[in-house]
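Here is what each chain is made of, one letter per residue.
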Amino acid sequence: MGTETKSNSYTGQISTSGGNPKVMKDSLSLVQRQQQSHLNDISLNSSTTNTTNSIQTESERQATAAAEPPHYHHNHHHHYHHHPEEDKNSCDKRPKHHQLDTKEAIVPFVPIFVEESDVIQGATDILKVIRPNWDLTHVEFKKFTDGITNKLVGCFHQPSLKLNDENGDATYTGTNNAHNCLPCVQSENDDENDNENDSPLGIKSDAKHNRQRDGSPVQYSDNVVLVRVYGNKTDLLIDRKAETQNFLLLHTYGLAPSLYATFKNGLVYEYVPGNTLNTESVLCPDIWPLVARRMAEMHRVVKKKGDAKPMPMIWRKTQSFLDLVPERFSDAEKHKRVKETFLPISRLREEFNNLYKYLEALQSPIVFSHNDLLLGNVIYTKSMNAVNFIDYEYADYNFQAFDIGNHFAEMCGVDEVDYTRYPKREFQLKWLRVYLESYLQRTNILSDEVEQLYVQVNQFALAAHIFWTVWSLLQAEHSTIDFDYVGYAFLRYNEYLARKEEFLSLTASKTNE
């Protein structure tokens, strides 16, 4: 659920209507926090009169920032569930799986601050700098989100390109509302069977829908750019610098789209067509194996330079969040609601610390994980029979079983949370076998291996519940979004309490298979 900004940073899956927590597990919050990390230090106008010649690389910007007072960042960064990662959708050719220093990648930094109240003008100013050859009279802008956390604008450059306005403003699942569908880019030369759009917008362009024969990712369209504007104060929970580095790192492995540029309060990146998953499609036999293999690929191949023995994200991030939860909430009504169950916060810290000590002893492998794989952060592109993950706010090294257990917990819904949807044992065993075949790169997976992972995954799902509980309490205090974060905190914590005894009593069944 990490993406309150959890959408595409990640993906905004949080309900904006207020009241009962419904989509909160999505990435809305994540996106907002990530976006804010660079937002507060800069207050330039959107005008780009003098920006074209002042474009910098990301490394130059960071070098400059190092000499300035640091932003208020917490290690790593969601829901910020955080949030388009594509195995085959990146623009640049994927190198063979070897460690690549992401600092080598040149990502332009545009010294522009985009006002949330005028994102179209801000996107126009950005395009003047990064796409100087575009005729702006032939660019059509589409707002995919309405600013619950992050704001996402699609910029379509093509004189003949028409948008289907019958749908009104759409929501791009790669950014603020993970439960909505992504717009689709479709080539007019697609085979008849692929003619069905991957999204309801019916957008056509020169997108390439086939993977290159060498397996490297392809660019969907040179004529579409996504501009994501960070929500207010989202840097409290999300480290924007780490998010950018994760974006670049995953792209080198073909697991994320191209990052075209950064600006003072946002990112510009490649558009990836498809639909986000829902509670039905995530169980579809044509789709769930793609998710299992995609996660296994990330866990197996991604390596960060210099991280010989990394600290698991779930420990570091949860402790950071716990440190930030106030003992007295500024809103008296919220304080009254949380006081009995969650305060003093030392009680929740002790609960988590005891659980962590138990989980650590399971010796689940530490791998580079997404950590916020709610349904809205998984994009299915039917025409390519592929899935991609989006929103990297929480991406970091973590226990393998946490990433899977968190995904299973997120199968319980985005629009409405219903924990009776938690995947049954039979489905989990099938999913985990497919995962292990890809992760271990062999087909003779023993039943004992599947059983052991099954136990670990469900026990780590408990840690996911506590993590998003604490995240929700922080959101309740700091977020300006109209969503019942306190209610969501109770949803997650109540599920933790309801499942704790059942999951901790699980033991791997020994078989001779």
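What you see is a predicted model; the values in this text were computed from it and never measured.

1. Quick word on the overall build of the protein
No. 1: Within the protein, the regular secondary structure consists of twelve helices and 16 strands.
No. 2: A burial count over the protein gives 63% of its 513 residues as buried.

2. Considerations on the packing of aromatic side chains
The relative placement of two aromatic rings is captured by the distance of their centres and the angle of their planes.
No. 1: Per the counting criterion, the structure on display carries 26 aromatic pairs.
No. 2: With a centroid separation of 6.0 Å and 35° between ring planes, the pair formed by Phe352 and Tyr356 is classed as tilted. Note that Phe352 and Tyr356 are positioned in helix H8 (residues 345–360) at a spacing of four residues, about one turn of the helix.
No. 3: Owing to a relative accessible area of 7%, Tyr356 belongs among the buried residues under this scheme.

3. Considerations on the side chain of Arg240
No. 1: Within the secondary structure, Arg240 sits in helix H4 (residues 240–252).
No. 2: Of the residues examined, Arg240 reaches a relative accessible area of 0% and is grouped as buried.
No. 3: In this structure the side chain of Arg240 is engaged in a polar contact, spanning 2.9 Å, whose partner is the side chain of Glu243.

4. So, the environment of Ala242
No. 1: With respect to the helices, strands and loops of the structure, Ala242 is situated in helix H4.
No. 2: Distance in space between the C-alpha atoms of Ala242 and Ala395 is 8.7 Å, their sequence separation being 153 residues.

5. Quick notes on the nonpolar core
No. 1: Counting 107 residues, the largest nonpolar core has Trp431 and Tyr435 as the members making the most contacts within it.
No. 2: No other element matches helix H11 (residues 447–478), which puts 18 residues into this core.
No. 3: In this structure, Trp431 is in contact with Trp288, Val291, Ala292, Met295, Ile404, His407, Phe408 and Met411, ignoring residues within four places of it in sequence.
No. 4: With 20 residues, the next largest nonpolar core counts Val110, Val119, Val129 and Tyr260 among its residues.

6. Section: unusual backbone geometry
No. 1: Following Leu343, the chain continues into Pro344 via a peptide bond in cis, with omega recorded as 0°.
No. 2: Inspection of the secondary structure assignment puts Pro344 in the loop between helix H7 (332–342) and H8.
No. 3: Of note in the backbone geometry, Asp391 takes a positive phi value of approximately 70° without being a glycine.
No. 4: With respect to the element layout, Asp391 can be found in the loop between strand E15 (386–389) and strand E16 (396–399).

7. Thoughts on the packing of helix H5 (residues 288–301) against helix H10 (residues 425–440)
No. 1: Two numbers describe how H5 lies on H10: the axes approach to 8 Å, and their chain directions differ by 40°. Comparing their axes, H10 and H5 come out oblique. Every pair of crossing elements has a handedness; the one defined by H5 and H10 is right-handed. Packed against H5, whose contacting residues are Trp288, Pro289, Val291, Ala292, Arg293, Met295, Ala296, Glu297, His299 and Arg300, the element H10 presents Phe427, Lys430, Trp431, Val434, Tyr435, Ser438 and Tyr439 at the interface.
No. 2: Here the residues of the contact of H5 with H10 are counted per class, giving eleven nonpolar, two polar and four charged.

8. Comments concerning the confidence of the model for the protein
No. 1: The share of residues in the protein with pLDDT of 70 or more is 64%, and the mean pLDDT across the chain is 75.
No. 2: Here residues 161–196 is a poorly scored stretch, pLDDT under 50, and it has 178 contacts once near neighbours within four places are set aside; other chains count.

9. Some details on helix H9 (residues 400–410)
Since the α-helix turns once every 3.6 residues, residues separated by three or four places project in the same direction.
No. 1: Counting buried positions along H9 yields eleven of eleven residues, so the element is predominantly enclosed.
No. 2: Buried within H9 are the following residues: Gln400, Ala401, Phe402, Asp403, Ile404, Gly405, Asn406, His407, Phe408, Ala409 and Glu410.

10. Describing helix H3 (residues 119–130)
No. 1: Under the 1.5 Å per step criterion, the end-to-end length of H3 is 16 Å for twelve residues, consistent within 8% with the ideal 16 Å.
No. 2: By the burial criterion, the buried members of H3 are Val119, Gly122, Ala123, Thr124, Asp125, Ile126, Leu127, Val129 and Ile130.
No. 3: Elements that come into contact with the buried residues of H3 comprise strand E4 (108–110), strand E5 (139–143), strand E6 (151–157), strand E9 (224–229), strand E10 (259–263) and strand E11 (266–270).

11. What about the pattern of salt bridges?
No. 1: This structure, assessed with the given rule, holds 14 salt bridges.
No. 2: The partner of Glu449 in a salt bridge is Arg442, with the nearest N and O atoms 2.4 Å apart.
No. 3: Arg442 gets classed as partly exposed once you look at its relative accessible area, which sits at 29%.
No. 4: One continuous salt-bridge network, built from bridges that share partners, spans Arg228, Arg240 and Glu243.

12. Some thoughts on the environment of Tyr439
No. 1: On the secondary structure map, Tyr439 appears in helix H10.
No. 2: The sequence separation of Tyr439 and Met298 amounts to 141 residues, and the corresponding C-alpha distance is 8.9 Å.
No. 3: Discounting residues that sit within four places of it in the chain, Tyr439 has contacts with Ala296, His299, Arg300, Pro365, Val367 and Gln400.

13. Quick notes on the packing of H8 against helix H12 (residues 485–504)
No. 1: Interaxial distance between H8 and H12 falls to 14 Å at its minimum, and their mutual angle equals 30°. Regarding the angle of H8 to H12, the classification is roughly parallel. The element H8 and its partner H12 pack so that their crossing is left-handed. For the pair H8 and H12, the contacting residues are Leu348, Glu351, Leu355 and Tyr358 in the first and Tyr493, Tyr496, Lys500 and Leu504 in the second.
No. 2: By residue class, the composition of the contact of H8 with H12 is six nonpolar, no polar and two charged.

14. A closer look at the environment of Ile238
No. 1: Mapped onto the elements of the fold, Ile238 is located in the loop between E9 and H4.
No. 2: Ile238 gets classed as buried once you look at its relative accessible area, which sits at 0%.
No. 3: For the pair Ile238 and Tyr392, spaced 154 residues apart in sequence, the C-alpha to C-alpha distance is 9.9 Å.

The rules we used
- In this convention, every chain numbers its residues from 1, walking through the sequence in written order.
- With pLDDT at 70 or above as the cut-off, local features in this predicted model cover only qualifying residues; side-chain atom pairs require 80 or more to be listed or tallied, and sums for whole chains, interfaces and linings still use all residues.
- The side-chain quantities take in all heavy atoms of the structure and omit both hydrogens and water.
- Numbered from the N terminus, helices here are DSSP runs of H or I no shorter than four residues, and strands are runs of E no shorter than two.
- Only protein chains enter the area calculation, which uses a 1.4 Å probe; residues under 20% of their type maximum are buried, those over 50% are exposed, and those in between are partly exposed.
- Aromatic pairing here means that ring centres of Phe, Tyr or Trp (its six-membered ring) are within 6.5 Å. Orientation follows from the plane angle: under 30 degrees is stacked, over 60 is edge-to-face, and everything else is tilted.
- Polar contact is the term for a pair of N or O atoms within 3.5 Å; when the atoms are in protein, one must be able to donate a hydrogen and the other to accept it, and sequence-neighboring residues count only if both atoms are side-chain atoms.
- Nine residue types can take part in a nonpolar core, namely buried Ala, Val, Leu, Ile, Met, Phe, Trp, Tyr and Cys, and a core is a set of them joined through side-chain atoms within 4.5 Å.
- Whether two residues are in contact is decided by their heavy atoms: any pair within 4.5 Å suffices.
- A fitted line through C-alpha atoms represents every axis, and for helices the fit uses only the stretch in contact; the resulting angles, taken between N-to-C directions, go from 0 to 180 degrees.
- Every angle not falling under 35 degrees, over 145, or within 65 to 115 is termed oblique; those three ranges are roughly parallel, roughly antiparallel and roughly perpendicular.
- By the definition used in this description, the sense in which the near helix is turned from the far one sets the handedness, with an anticlockwise turn below a right angle giving left-handed and a clockwise turn giving right-handed.
- Think of it as three bins: nonpolar holds Ala, Val, Leu, Ile, Met, Phe, Trp, Tyr, Cys and Pro, charged holds Asp, Glu, Lys and Arg, and polar takes everything else, Gly as well.
- Every residue gets a pLDDT, meaning the predictor's confidence in that residue, from 0 to 100.
- Each helix should span, by expectation, one fewer than its residue count multiplied by 1.5 Å.
- What makes a salt bridge here is a side-chain nitrogen of Lys or Arg within 4 Å of a carboxyl oxygen of Asp or Glu, nothing more.

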